[in-house]
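# Structural characterization, general
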Number of protein chains: 2
Amino acid sequence: MGKLLIVGTVAFDAIETPFGKTDKILGGAATYISLSASKFGAESGIVSVVGGDFPKEYLTKLNNKNIDTEGIEIVENGKTFFWSGRYHNDLNVRDTLVTDLNVLADFNPVVPENFKDTDFLMLGNLHPTVQMEVIKQIPVRPKLVVLDTMNFWMDNTLDELMEVIAKIDVITINDEEARQLSGEYSLVKAAQKIHKMGPKFVVIKKGEHGALLFNNGDVFFAPALPLKEVFDPTGAGDTFAGGFIGHLSQTGDISFENMKRAVISGSNLASFCVEKFGTERMENLTHDEIQKRLLQFKLLTQFDIELS
Amino acid sequence: MGKLLIVGTVAFDAIETPFGKTDKILGGAATYISLSASKFGAESGIVSVVGGDFPKEYLTKLNNKNIDTEGIEIVENGKTFFWSGRYHNDLNVRDTLVTDLNVLADFNPVVPENFKDTDFLMLGNLHPTVQMEVIKQIPVRPKLVVLDTMNFWMDNTLDELMEVIAKIDVITINDEEARQLSGEYSLVKAAQKIHKMGPKFVVIKKGEHGALLFNNGDVFFAPALPLKEVFDPTGAGDTFAGGFIGHLSQTGDISFENMKRAVISGSNLASFCVEKFGTERMENLTHDEIQKRLLQFKLLTQFDIELS
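Here is a short report on the structure shown in this document. Every chain begins its residue count from 1, and numbering advances along the sequence as written. Chains and ligands are labelled sequentially in the order written, the chains with letters from A and the ligands with numbers from 1. With pLDDT at 70 or above as the cut-off, local features in this predicted model cover only qualifying residues; side-chain atom pairs require 80 or more to be listed or tallied, and sums for whole chains, interfaces and linings still use all residues.

## A look at the relation of the copies chain A and chain B
The two copies are related by a screw operation: chain A maps onto chain B through 180° of rotation and 0.0 Å of translation along the axis, at an RMSD of 0.0 Å. What we have between these two chains is a two-fold relation. The contact criterion used is a C-beta to C-beta distance within 7 Å, with each C-beta placed from the backbone. Of the residues that chain A buries at the interface, 100% are likewise interface residues in chain B, meaning the two copies contact each other through the same surface. Superposition of the copies was done by least squares, using only C-alpha atoms of residues whose pLDDT is at least 70 in both.

Structure (structure tokens):
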């Protein structure tokens with residue numbers, strides 16, 4: 001069992017889908033990652049920032065899941081990062097309505113003493129300069145550093161992002177982002193180019209079409225579970241990353257074979273996340289439910305065919 | 001080993017992709033299905049129609065693959081069905097430039113005596129009235145009837161199509177067509193509705209995102225092989241269907257477990273089809289190449305995870 005440090009946003013989200021809408025609810029990349037990873041029992045902590053308006057019970061909620069929030073700075077006279085979005089009938093498409101950076105605009109991350117020897121470092125989607133600052137504050141290189149990022153940083157801070165990418169082991173991005181970053185349409189070629197930028201492992205998330213794991217010549221595919229209803233896709237990608245790093249920190253094994261299990265775990269956790277608004281499903285998800293659905297993933301993908 | 005009868009177009013195609021273009025070359029649903037199925041050694045025959053302009057060496061080509069062409073009517077004073085299309089840089093999108101039905105417009109299919117006891121019947125994409133006529137000419141119901149169709153028939157001949165759908169065992173359509181036919185966005189719900197129309201098995205093809213096999217409560221997913229280059233997608237769906245029915249007629253086993261292997265076989269064959277223009281790759285494909293790539297499908301999808 002390894003220690004896991006998670007860097008990312010802790011935020012308010014207001015979400016509108018064809019099925020309903022929410023007021024400001026708990027959101028943010030680090031929130032979803034940590035809730036997902038907490039199912040695997042690792043000792044985990046968050047580095048982030050919130051404003052004085054952030055309810056203490058949200059922190060208690062995380063603490064109750066054994067997530068250390070000492071690294072979440074509280075700026076008493078500031079406001080918490082706020083994101084609002086509206087999903088189309090095709091839930092793959094969404095419009096961002098509001099992005100208020102608030103306290104995130106001047107965020108200087110501080111890694112708590114207790115996590116300076118973390119085994120696993122998960123750099124959630126955030127300004128690459130903040131991600132780099134966290135890498136620098138950890139004196140002994142972690143066993144594995146995983147980066148999640150998005151097209152916004154490729155558009156606006158590509159140089160800084162490339163410096164971070166050069167220092168990590170695993171990158172998780174979606175298919176369009178992989179194409180943008182590499183300039184290659186074929187995801188096989190895109191992964192080859194991204195390997196050359198640094199990461200030994202490239203995870204390409206395709207939403208409802210699953211995820212691909214590349215490790216130089218090798219490739220593995222984890223499908224998304226076909227669902228009757230998808231209620232709210234918010235946080236699914238972060239929940240995937242949390243299930244991925246959660247499985248790895250629980251087992252301490254960073255071989256390609258175990259990474260296969262990790263992407264299946266990520267897909268498994270993400271399949272729950274989308275069943276309810278926001279973090280609701282993740283908060284109440286039980287070990288039994290996770291195990292049962294893992295069996296569904298086996299039935300979905302495993303076949304026995306004779307090679308002659 | 002079962003007998004296999006294939007109904008579908010035998011045609012000329014002219015194809016333009018970002019990588020080049022062809023003159024009129026051999027094409028058509030029945031051509032691709034039969035070439036693909038021929039890799040599995042079943043005794044197969046085609047029911048179709050061509051014009052006097054159709055080169056005899058194309059028929060010889062099929063015969064050399066052990067495909068019986070007695071059921072291909074030759075209308076000496078008519079012209080062969082011609083389709084021309086241009087693919088975009090995103091090969092998932094194509095424009096149809098020409099569709100000349102020619103001899104297909106007045107086609108009355110005749111099932112050869114030798115195939116009236118066929119074990120497997122593959123109804124390739126064609127007018128549903130032609131598909132129904134073939135069903136009627138077979139006195140003893142085949143072990144398995146598989147239907148491939150497309151949105152064009154849903155738009156223009158829905159009543160006739162629904163009558164065919166009520167009589168078959170397996171339907172193969174793409175994701176958008178499944179949504180159109182069922183009125184459901186979720187593919188799980190779409191499959192449920194399509195089951196109620198008749199087919200016990202519903203195969204939903206998602207192109208580069210793989211294929212789903214539904215059998216009432218059960219679901220299985222076959223990924224598409226991630227490829228470095230896709231050269232020409234023409235015929236990939238028919239080649240998938242050919243690999244599917246080919247595997248089933250080779251084994252004679254129509255259980256859900258064996259259908260899983262059949263969709264993997266279909267994906268496997270389709271992954272070759274797209275590597276060259278038209279039927280070129282399928283004509284020269286060897287048993288060894290198929291087996292080697294089957295191993296890649298295993299490596300791509302198989303994982304070992306402990307359930308606790």
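## Some details on the interface of chain A and chain B
Taken together, the contacts link 27 residues of chain A with 27 residues of chain B. Among the secondary structure elements, those contributing two or more residues to the side of chain A that touches chain B are α7 (187-197), β15 (218-222), α9 (256-273) and α11 (287-301) of chain A. For the purposes of this entry, the term helix denotes a DSSP run of H or I that reaches at least four residues, the term strand denotes a run of E that reaches at least two, and both are numbered from the N terminus. Ranked by residues supplied to the side of chain A that touches chain B, first place goes to α11 of chain A with five residues.

## Overview of unusual backbone geometry
Residues and elements named next belong to chain A. In this structure, Asn 216 is a non-glycine residue whose phi angle is positive, near 50°. Among the structural elements, Asn 216 can be located in the loop between β14 (211-215) and β15. Neighbour counting defines burial: a residue surrounded by 20 or more other C-beta atoms within 10 Å of its own C-beta is buried, one with 12 or fewer is exposed, and intermediate counts give partly exposed, using backbone-placed C-beta atoms. Given 12 C-beta atoms within a 10 Å radius, Asn 216 is considered exposed.

## Overview of the environment of Gly 51 of chain B
All names here are of chain B. In this structure, Gly 51 sits in strand β5 (residues 43-51). In this structure Gly 51 comes out as partly exposed when scored by C-beta crowding, with 19 C-beta atoms within 10 Å. Spatially, the C-alpha atoms of Gly 51 and Thr 80 are 4.3 Å apart, while their sequence positions differ by 29 residues.

## A closer look at the packing of helix α1 (residues 29-37) of chain A against helix α8 (residues 236-251) of chain A
All names here are of chain A. A fitted line through C-alpha atoms serves as each axis, taken over the contacting stretch for helices, and the angle formed by two N-to-C directions is quoted from 0 to 180°. Two numbers describe how α1 lies on α8: the axes approach to 7 Å, and their chain directions differ by 40°. Here α1 lies oblique to α8, going by the angle between them. In this structure, the crossing between α1 and α8 has a hand that is right-handed. Residues Ala 29, Tyr 32, Ile 33, Ser 34, Leu 35, Ser 36 and Ala 37 of α1 form the contact with α8, whose own contacting residues are Asp 238, Thr 239, Ala 241, Gly 242, Gly 243, Ile 245, Gly 246 and Ser 249. For this classification, under 35 degrees means roughly parallel, over 145 means roughly antiparallel, 65 to 115 means roughly perpendicular, and everything else is oblique. Left-handed describes a crossing whose near helix is turned anticlockwise from the far helix through less than a right angle; right-handed describes the clockwise counterpart.

## A word on the pairing of strand β2 (residues 11-17) of chain B
Residues and elements named next belong to chain B. Along β2, five of the seven residues are buried, which leaves the element largely enclosed by surrounding structure. Here, a strand pair is defined by DSSP locating no fewer than two bridges between the strands. Direction of pairing for β2 relative to strand β4 (residues 25-27): antiparallel, over a ladder of three bridges. Paired with Asp 13 across the two strands is Ile 25, which belongs to β4. Pairing between β2 and strand β8 (residues 82-87): five bridges, direction parallel. Residue Ile 15 lies in a different strand from β8, and its bridge partner there is Gly 85. Pairing analysis gives two bridges linking β2 to strand β3 (residues 20-21), with the strands arranged antiparallel. Residue Glu 16 lies in a different strand from β3, and its bridge partner there is Lys 21. In sequence, β2 turns back onto β3 through a hairpin of two residues.

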